Amino acid sequence: MARDRPADPRRDLALLSVASAVAMIGWSMLTLLLPLLALRYGAGAGGVGVLVAGAALLPLWLAIPIGRAVDRWGARRVVAIGFAGTTVALLPMAIAPSLTWLVVAFVVGSALQNAFIIGAQALIAVLGAAGRRREAAYGWWTTAMAAGQVVGPVLAGVALDLYGAGPAIAGVAVATASALGLVLTVRAGGRAESVVPPFRWAAGVALVRDRTVGIALLTSGAAVWAMTVHATYVPIHLEALALSSAAIGAVVSLRSVAAVVVRPFMAQVTARLGGRERTAAFTLVAMAAGLAGIGVSPSPWAIGLWVVLFGAGHGLSQPISMAMVADRVAARERGAALGVRLMLNWLAQVVAPVAFAFVAERAGLVPMFVVHAVVVAAAAVALGVWTRRPVVAD
């Protein structure tokens, strides 16, 4: 029987990180293919935004139930279910490519990504123990995922240029199936050590009101808002500059290259900037500047530099917010707490593309990028004000 405290946590952390990297190769392939294929099937920039927002509705409602499933059934089992279900959902699109099957693959894949993300985060919290060790574990895990995101867009662009939609989606299915095989070798279960209480929305509200958790949720939500805009519209922006799919994938992958480079230095950066809370505010500033720069830059080379800045900010924001939430809650409530965090992230993914999709259609992409940058910058200002308030003792 798998136990929450395995004999070799480093082995399990390494296996989970490799499985996550492989899974993110597939997911980043799909997120690049979605806007490019949707445009080819007749959807405009606004239509792509609506599609991305609609696909986030199901994950939004499933986030907390999946978090409770992690606490009851074990994190590894839930992660495996997510990988298996995603692989099956991709097969129709790989066999008979169409806009309908593309929507099915993305909607189902987005919902089941909850299982992977929440389960893996809960498992990392067990493997990393607490404090600096947990922060380091989240740092290594997110670094592995960022490494997968470096490879995925390039593979997707090359596959789309050379072989077409079906084989490119088949590559995504191979990646998720491979991740499933790897995660099944992890010994840690990540199951709660005591009986899991039923989730109550009052407890969720109390969780959000906690200063540390609230700052983490604002950071994560604003970062995901920015990331959704980046993933949805940067490929469209680059295609308008007449770049090939392979070149678009290479530029998009620079975001993850920056995240891979910065994450091993997360502890040093956090200490230099004055702690997790202040670092979180700086990450949002970097992402806001990156979005604005991408929108106003006329050349792919300049866009690439702004993508690097954006990626560095995003690379620090997620592991910091994960560690802040995981450190603040009891082990038996960790899955639900991470589910609340991910639910708010999905809410950002619902609102962000729709909020300014028609701006992109009517005014163009440049105003859309700038307006989104202002929204993220406003979140950074709010976070800066919040972090300056005195801490009230529990």
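All values derive from a computational prediction rather than experimental measurement.

Enquirer: Account for the overall build of the protein, with residues named and values stated.
Expert: Secondary structure summary: the protein contains 16 helices and zero strands in total. The buried share among the 394 residues of the protein stands at 57%. Within the protein, counting contacts between residues at least 6 apart in sequence, those at least 24 apart form 87% of the total.

Enquirer: Before we move on, could you go through empty space enclosed by the protein and cite the residues and values that matter?
Expert: This structure, assessed with the given rule, holds two cavities of 30 Å³ or more. Lining the largest cavity are 40 residues, and of these W27, Q113, Q149, M227 and Q349 lie nearest its centre. Elements supplying a minimum of two residues to the lining of the largest cavity: helix 1 (9-40), helix 2 (45-55), helix 5 (99-127), helix 6 (131-162), helix 9 (211-240), helix 10 (245-262), helix 13 (300-328) and helix 14 (334-355). With seven residues, the single largest contributor to the lining of the largest cavity is helix 1. Class assignment for the residues of the lining of the largest cavity results in 22 nonpolar, 15 polar and three charged. The calculated volume of the second largest cavity comes to roughly 110 Å³. Together, 13 residues line the second largest cavity, and A23, W27, T86, Q113 and T176 are the ones closest to its centre.

Enquirer: Describe the pattern of salt bridges, listing the residues and the values that go with them.
Expert: The tally for this structure, following the rule as stated, stands at one salt bridge. A salt bridge links R11 to D12, with the shortest nitrogen-to-oxygen separation between them at 2.9 Å. Overall, R11 belongs to the partly exposed group, its relative accessible area being 26%. Overall, D12 belongs to the buried group, its relative accessible area being 0%.

Enquirer: Break down the nonpolar core for me, with residues and values.
Expert: Residues F116, W141, L284 and F369 are the most contacted members of the largest nonpolar core, which totals 108 residues. Those residues in contact with W141 that sit more than four places away from it in its chain are L16, S17, S20, F116, I117, A120, Q121, I124 and M322. Residues I64, M343, W346 and V350 belong to the second largest nonpolar core, which totals eight residues.

Enquirer: If you had to explain unusual backbone geometry to someone new, which residues and values would you point to?
Expert: Positive phi values are uncommon outside glycine, yet A242 reaches one of about 70°. Along the chain, A242 turns up in the loop between helix 9 and helix 10.

Enquirer: Give me the lowdown on the packing of aromatic side chains, citing residues and values where you can.
Expert: A complete count under the given rule lists two aromatic pairs for this structure. Consider the rings of W27 and F106, whose centres lie 5.7 Å apart with planes at 10°: the pair is stacked. Remark: F106 occurs in helix 5 and W27 occurs in helix 1; sequence separation between them is 79 residues. Considered together, W27 and F106 belong to a single accessibility category, that of buried residues. Ring centres of F83 and F116 lie 5.1 Å apart, and the angle between their planes is 40°; this geometry places the pair in the tilted category.

Enquirer: Mind laying out the environment of A53, listing which residues take part and the relevant values?
Expert: With respect to the helices, strands and loops of the structure, A53 is situated in helix 2. Assessed through its relative accessible area of 3%, A53 is described here as buried.

Enquirer: How would you summarise the confidence of the model for the protein if you had to cite specific residues and measurements?
Expert: With 83% of its residues at a pLDDT of 70 or more, the protein shows a mean pLDDT of 81. Ranking the elements of the protein by mean pLDDT puts helix 8 (residues 201-209) last, at 56, and helix 7 (residues 165-183) first, at 95. Confidence drops under pLDDT 50 across residues 1-6; counting only partners more than four residues distant or on other chains, this segment forms 18 contacts.

Enquirer: An account of the environment of V257 is requested, with residue identities and associated values reported.
Expert: Take V257: it is sitting in helix 10. A relative accessible area of 33% means that V257 is categorised as partly exposed. Between the alpha carbons of V257 and G148 there is a distance of 9.6 Å; along the sequence they are 109 residues apart.

Enquirer: Before we move on, could you go through the packing of helix 1 against helix 2 and cite the residues and values that matter?
Expert: Two numbers describe how helix 1 lies on helix 2: the axes approach to 10 Å, and their chain directions differ by 130°. Comparing the axis directions of helix 1 and helix 2 gives the class oblique. Seen along the crossing, helix 1 lies across helix 2 with a hand that is right-handed. Residue-level contacts link L34, P35, A38 and L39 of helix 1 to A45, V48, L51 and V52 of helix 2. Residues of the contact of helix 1 with helix 2, tallied by class, amount to eight nonpolar, no polar and no charged.

Enquirer: Which residues make up helix 7, and what values go with them?
Expert: Over its 19 residues, helix 7 extends 28 Å from the first C-alpha to the last, a length consistent with the 27 Å expected when each residue adds 1.5 Å. Considered for burial, the residues of helix 7 that qualify are A165, G166, A168, I169, V172, A173, A175, T176, A179 and V183.

Enquirer: Quick rundown of the packing of helix 1 against helix 10? Include the residues and the values.
Expert: The contact between helix 1 and helix 10 brings their axes to 11 Å, and the two run at 145°. Between helix 1 and helix 10 the crossing geometry is right-handed. Judged by residue contacts, L32, L36 and R40 of helix 1 engage S245, I248, G249 and V252 from helix 10. Tallied by class, residues from the contact of helix 1 with helix 10 come to four nonpolar, two polar and one charged.

Enquirer: Outline the side chain of S321, supporting the account with residue identities and numerical values.
Expert: Relative to the assigned elements, S321 resides in helix 13. Classification of S321 by relative accessible area gives buried; the value is 0%. Engagement of the side chain of S321 in a polar contact is seen with the backbone oxygen of Q318, the distance being 3.0 Å. Not counting residues up to four positions away in its chain, the partners in contact with S321 are A216, S220 and R341.

Reading the values: the criteria
- Counting starts from 1 at the beginning of each chain's written sequence and moves along it residue by residue.
- Local features in this predicted model are restricted to residues whose pLDDT is 70 or higher, and side-chain atom pairs enter the listing and the counts only when it is 80 or higher, whereas totals over whole chains, interfaces and linings include all residues.
- Computation of side-chain values: all heavy atoms of the structure, hydrogens and water removed.
- We count a stretch as a helix when DSSP gives it H or I for four or more residues in a row; a strand needs E for two or more, and each element gets its number in order from the N terminus.
- Residue exposure (1.4 Å probe, protein chains only): buried if accessible area is under 20% of the type maximum, exposed if over 50%, otherwise partly exposed.
- We call two residues in contact whenever any of their non-hydrogen atoms come within 4.5 Å of each other.
- Computed over the protein atoms alone on a 1 Å grid, cavities are sets of points where a 1.4 Å probe fits but cannot get out and pockets are open sets with protein on both sides within 12 Å along at least five of seven lines; a residue lines them when it has an atom within 4 Å of a point.
- Grid points are joined across faces, edges and corners, and a volume is the space filled by probe spheres set on the points.
- Each residue is assigned to one of three groups, with Ala, Val, Leu, Ile, Met, Phe, Trp, Tyr, Cys and Pro labelled nonpolar, Asp, Glu, Lys and Arg labelled charged, and all others, Gly among them, labelled polar.
- Salt bridge criterion: a side-chain nitrogen from Lys or Arg within 4 Å of a carboxyl oxygen from Asp or Glu.
- Residues grouped as a nonpolar core are buried Ala, Val, Leu, Ile, Met, Phe, Trp, Tyr and Cys residues, joined through side-chain atoms within 4.5 Å.
- Any Phe, Tyr or Trp ring, taking Trp's six-membered ring, that has another such ring centre within 6.5 Å forms a pair; planes under 30 degrees apart are called stacked, those over 60 apart edge-to-face, and the others tilted.
- Each residue gets a pLDDT score, which is the predictor's confidence in that residue and runs from 0 to 100.
- As a rule, the C-alpha atoms of each element are fitted with a line to give its axis, helices using only the stretch in contact, and angles between N-to-C directions run from 0 to 180 degrees.
- Roughly parallel means an angle under 35 degrees; roughly antiparallel, over 145; roughly perpendicular, 65 to 115; everything else is oblique.
- Here a crossing is taken to be left-handed if its near helix is turned anticlockwise relative to the far helix by less than a right angle, and right-handed if that turn runs clockwise.
- Given a helix with a known number of residues, its expected span is that number minus one, times 1.5 Å.
- For this analysis, a polar contact is any N or O atom pair within 3.5 Å, provided that within protein one partner can donate a hydrogen and the other can accept it, and provided that sequence-adjacent residues contribute only side-chain to side-chain pairs.

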